[in-house]
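# Inside the fold
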Amino acid sequence: MVKPFIIGTRNAKDMIHLGAEILREGGSAMDAVEAAVNAVEDNPLDGGVGVGGTPNLLGVTQLDASIMDGRNRRSGAVAGLENVAHAISVARKVLELTPHDLLVGPGAEMFARAVGIEKSDLSTERTRKIAAAMRAGSPEGILEDEKEKERFLRMWLEEGRGEWYEKISKADWGTVNIMAMDANGDMCVGVSTSGLGYKLPGRVGDSPYIGAGNYCDNRFGSAACTGKGELAIRLSSARMIVSYLENGLTLRGAVRKALKDVHSLQDGTISCLVFDGEGNTMSGSMTGESIHYYMDVDSEGPEERKGVWVKP
Ligand code: ASP
């Protein structure tokens, strides 16, 4: 019998204890994941998730999130969600209350209100500064009306899509991956993010795509991704990792195979987090040392675990 446990990416280090407490009291993997992700979403200093999430090209923070239940492979997700900090909770409501998998934009926000999730201000001093800088970069200096916005995007498409975008977007992304297994052996994975910094309005990354940024199946394991979402979408990275486990690869082997495949695209990098049905955990990076954090029901604090650096 595997001890109930929870793991997360670096930015979840000080939050996974909230999930571990829930597991200790016999709570479900999904409750544990949601509580820990909510804490990251509430942290204005994270900069890549929930409150304080990096804005898009028009200075607006739009969130993507997803959650998957390994018992039945049901999932819920939101994309391009504005004015709600707990995007993962809206995703969970999509899973529990609707026949759908993914709600986007204004529809997702309306749904959040309908299920009683309150409006929140996602801006912080940092994001307001970024928004002001974005406005200053627009042709007339102001991005007030729709025409202005369109003109700015046209300019960006025609001339601005250069080095400056590469530079700022590389420096400013972040996503939280948290996953758990409970006393019943049930698995859950949660992903939440403001996505790629300075993305085009409406851009959706891998995080709310089930199979790209997130996948879990009680029979084999659980996986989630961060990094350049476009790549995880093209390669269905999270789904592939779980499928490699199903086909007998070790955790390390599955991570290596998935990340080698991303290397072959020669278009950027992703990282991943994974565990199997025996409670073994692993993470992988394409750019350097990979670490993740682990706690089980007997842990006193988060344990740093080393993953694998997968080179081309
Ligand atoms: N994967 C996220 C996205 O592409 C970004 C990130 O992990 O930081 O939206």
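Relevant structure appears above.
This section reports on the structure supplied with the text. All of these numbers come straight from a predicted model, not from anything done at the bench. (Residues numbered from 1 in each chain as written. Predicted model: local features only at pLDDT ≥ 70, side-chain atom pairs only at ≥ 80, totals over all residues. Heavy atoms only, no water.)

Let us look at the sheet that holds strand 12 (residues 303-306). Read across the sheet, 8 strands follow the order 4-3-2-6-5-1-11-12 without closing on themselves; strand pairing throughout is mixed. If you trace the sheet from one side to the other, it starts and ends with strand 4 (102-104) and strand 12, each paired once. Neighbour-to-neighbour, the strand axes of this sheet turn through a mean angle of 15°, independent of strand direction. Relative to strand 12, strand 11 (residues 291-296) is paired through 4 bridges, and the arrangement is antiparallel. Looking across to strand 12, one finds that Ile291 is bridged to Lys306. Lying over the sheet, helix 1 (residues 16-24) contacts strand 1 (5-8), strand 5 (175-181) and strand 11, oriented at roughly 30° with respect to strand 11. Contacts from helix 4 (residues 105-114) reach strand 3 (74-81) and strand 4, with the element oriented near 105° to strand 4. (Pairing = 2+ DSSP bridges. Helix = DSSP H or I, 4+ residues; strand = E, 2+ residues; numbered from the N terminus. Axes fitted to C-alpha atoms, helices over the stretch in contact; angles between N-to-C directions. Contact = heavy atoms within 4.5 Å.)

This brings us to the pattern of salt bridges. In total, this model carries 14 salt bridges according to the counting rule given. In this structure, Arg203 engages Glu230 in a salt bridge whose closest nitrogen and oxygen atoms are separated by 2.8 Å. Linking Arg203 in the loop between strand 6 (187-193) and strand 7 (214-217) with Glu230 in helix 8 (residues 229-235), this pair joins segments that are 27 residues apart in sequence. When its relative accessible area of 24% is taken as the criterion, Glu230 is described as partly exposed. Shared partners join several salt bridges into a network, and the residues in it are Asp31, Glu34, Arg92 and Glu96. (Salt bridge = Lys/Arg side-chain N within 4 Å of Asp/Glu carboxyl O. Buried < 20%, exposed > 50% of the residue type's maximum accessible area, 1.4 Å probe, protein only.)

For the structure on display, the rule yields 1 cavity of 30 Å³ or more. Quantified by volume, the largest cavity comes out at close to 30 Å³. Lining the largest cavity are Leu235, Ser237, Met240, Tyr244, Ala258 and Asp261. Contributions of two or more residues to the lining of the largest cavity are made by helix 9 (237-246) and helix 10 (251-265). Looking at which element gives the most residues to the lining of the largest cavity, the answer is helix 9, with 3 residues. Grouping the constituent residues of the lining of the largest cavity by class yields 4 nonpolar, 1 polar and 1 charged. (1 Å grid on protein atoms, 1.4 Å probe; cavity = no way out; pocket = protein on both sides within 12 Å on 5 of 7 lines; lining within 4 Å. Points joined across faces, edges and corners; volume = space filled by probe spheres on them. Nonpolar A, V, L, I, M, F, W, Y, C, P; charged D, E, K, R; others polar.)

So, about the packing of helix 3 (residues 87-97) against helix 4. Packing of helix 3 against helix 4 leaves a shortest axis separation of 10 Å and a crossing angle of 85°. Regarding the angle of helix 3 to helix 4, the classification is roughly perpendicular. Residues Val90, Lys93 and Val94 of helix 3 touch helix 4, and the partners they reach there are Ala108, Phe111 and Ala112. Taken together, the residues of the contact of helix 3 with helix 4 sort by class into 5 nonpolar, no polar and 1 charged. (Parallel < 35°, antiparallel > 145°, perpendicular 65-115°, else oblique.)

This next bit is on unusual backbone geometry. In most cases, non-glycine residues show a negative phi, while peptide bonds are predominantly trans. In this structure, Asn83 takes a positive phi of about 65° despite not being glycine. Relative to the elements of secondary structure, Asn83 occurs in the loop between strand 3 and helix 3. Notably, Ser236 is not glycine yet its phi reads approximately 50°, a positive angle. As for its placement among the helices and strands, Ser236 is situated in the loop between helix 8 and helix 9.

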